[in-house]
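Here is what each chain is made of, one letter per residue.
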Amino acid sequence: MPGTILLVEDEEDIATLVRTYLERDGFQVVWASRGVEGLLALEQHEVRLAILDLQLPDADGLDLCRAIRQQSRLPIVILTARDEEIDRITGLELGADDYIAKPFSPRELVARVRAVLRRAEPDAAADEIVLGDVAVDRGGRAVTVNGNPVELTGMEFDLLAYLIDHTGLVLSRERLLDRVWGLAFPGGTRTVDVHVAQLRRKLGRPELIRTIRGSGYKAVAS
Ligand code: CA
């Protein structure tokens, strides 16, 4: 299920806490401390869910929520210190999917994020994805080839899941770096090549991930 989450929150301590817990759970986090940065980040990243603080230095989170809703069905979780019911109701009326009051438990936040994603993306609830005789169990983060377990590192697992999710599509090294590693990753695209090579070796199915010269990689069904 993991993917990229946009966190719009001006308080650094809270942002760091939320980010830490989400990343620990496998999500990538794009953090924006202002509303305008948040909207920009939505254009630059393939975001699966947005967490919006209501009180921002340059915007009201409710306006941000409204602006996002005008453009997309992106799942939205509102985060706020204001516990007034009016905000909760307005937020939900504006199309937010859930609402969490500060102070909150980061574990609960992660659980709520997952629940919202499950509701918003029923397909993503399919925990197992399969390509040929390679089966990826996202929940258990386990991979088997022809029924035999294969040990992968966390990054190898995420890369494989992303490739299989996009079977048939040519994915550039830059896109893979961005989506699987996150923008913060300082390494070059060479890292992608190294991980693909490792995946091919460990899976023993080199034909499954094809190199597309000058373009990137593609998972293929046969
Ligand atoms: Ca705030």
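All chains use their own residue numbering, which begins from 1 and follows the written sequence. Residue-level local features of this predicted model are given only where pLDDT is at least 70; pairs of side-chain atoms are given and counted only at 80 or more, and the full residue set underlies all totals for whole chains, interfaces and linings. Values reported for side chains reflect all heavy atoms of the structure, with hydrogen atoms and water molecules removed beforehand.

Here we take up the overall build of the chain. Along the backbone of the chain there are eight helices and eleven strands. In terms of overall size, the chain behaves like a compact globule, its C-alpha atoms giving a radius of gyration of 19 Å where 222 residues would be expected to give roughly 17 Å. Along the three orthogonal principal directions, the C-alpha set of the chain runs to about 55 × 35 × 30 Å. In the chain, buried positions account for 45% of the 222 residues. Two residues form a contact once any of their heavy atoms are found within 4.5 Å. Restricting the contact set of the chain to residue pairs at least 6 apart, pairs at least 24 apart contribute 58%. Only the protein chains shown count as cover for residues, with accessible areas throughout obtained via the Shrake-Rupley method and a probe of 1.4 Å. When the accessible surface of the chain is totalled, it reaches about 11,100 Å², and 49% of it is carbon and sulfur. Seen as two clouds, the 28 positive and the 36 negative side-chain charges of the chain have centres 8 Å apart. Helix and strand assignments follow DSSP, with helices taken as H or I runs no shorter than four residues and strands as E runs no shorter than two, numbered in order from the N terminus. Our radius of gyration is a C-alpha quantity, and the globule rule it is checked against amounts to 2.2 Å times the number of residues to the power 0.38. Each residue is placed in one exposure class: buried if its accessible area under a 1.4 Å probe, protein chains only, is under 20% of its type's maximum, exposed if it is over 50%, and partly exposed if it falls in between. Charge assignment in this entry is limited to Lys and Arg as positive and Asp and Glu as negative, and neither His nor the chain termini are counted. In this description, the location of a charge corresponds to atom NZ of lysine, CZ of arginine, CG of aspartate or CD of glutamate.

Here we take up the coordination of the calcium ion. Metal sites are built from N, O and S donor atoms within 2.8 Å, or 3.2 Å for Na, K and Ca, and they leave out water, so they may look incomplete. At the metal site, the calcium ion is ligated by D10 (OD), D53 (OD) and Q55 (O), and these contacts range over 2.1 to 2.3 Å. Mapping the donors of the calcium ion onto the primary sequence gives the spacing D-x42-D-x1-Q. Residue D10 is found in the loop between β1 (4–8) and α1 (12–24), and its partner D53 is found in strand β3 (residues 47–53); the two are separated by 43 residues along the sequence. Of the residues examined, D10 reaches a relative accessible area of 30% and is grouped as partly exposed. A residue is classified by how much of its surface remains accessible, and D53, at 1% relative accessible area, is buried.

Next up on the list: the pattern of salt bridges. Within this document, salt bridges are pairs made up of a side-chain nitrogen of Lys or Arg and a carboxyl oxygen of Asp or Glu, the two lying within 4 Å of each other. Enumeration according to the criterion identifies 17 salt bridges in this entry. Across the salt bridge formed by R69 and D97, the nearest N and O atoms sit 3.3 Å from each other. Highlighted residues: R69 in helix α3 (residues 61–71) and D97 in the loop between α4 (85–93) and β5 (98–101), separated in sequence by 28 residues. We classify D97 as partly exposed; its relative accessible area is 24%.

Turning next to the side chain of H166. For H166, the location among the structural elements is in the loop between α6 (154–165) and α7 (173–181). On the accessibility criterion, H166 (16% relative accessible area) is buried. Non-local contacts of H166, meaning those with residues more than four positions away in its chain, are made with E46, L171 and R175.

Let us now look at the domain arrangement of the chain. Entries for the chain in the domain assignment read domain 1 (4–120) and domain 2 (128–219). Relative to domain 2, the C-alpha centre of domain 1 lies at a distance of 29 Å. Domain delimitation follows an automatic or database domain assignment.

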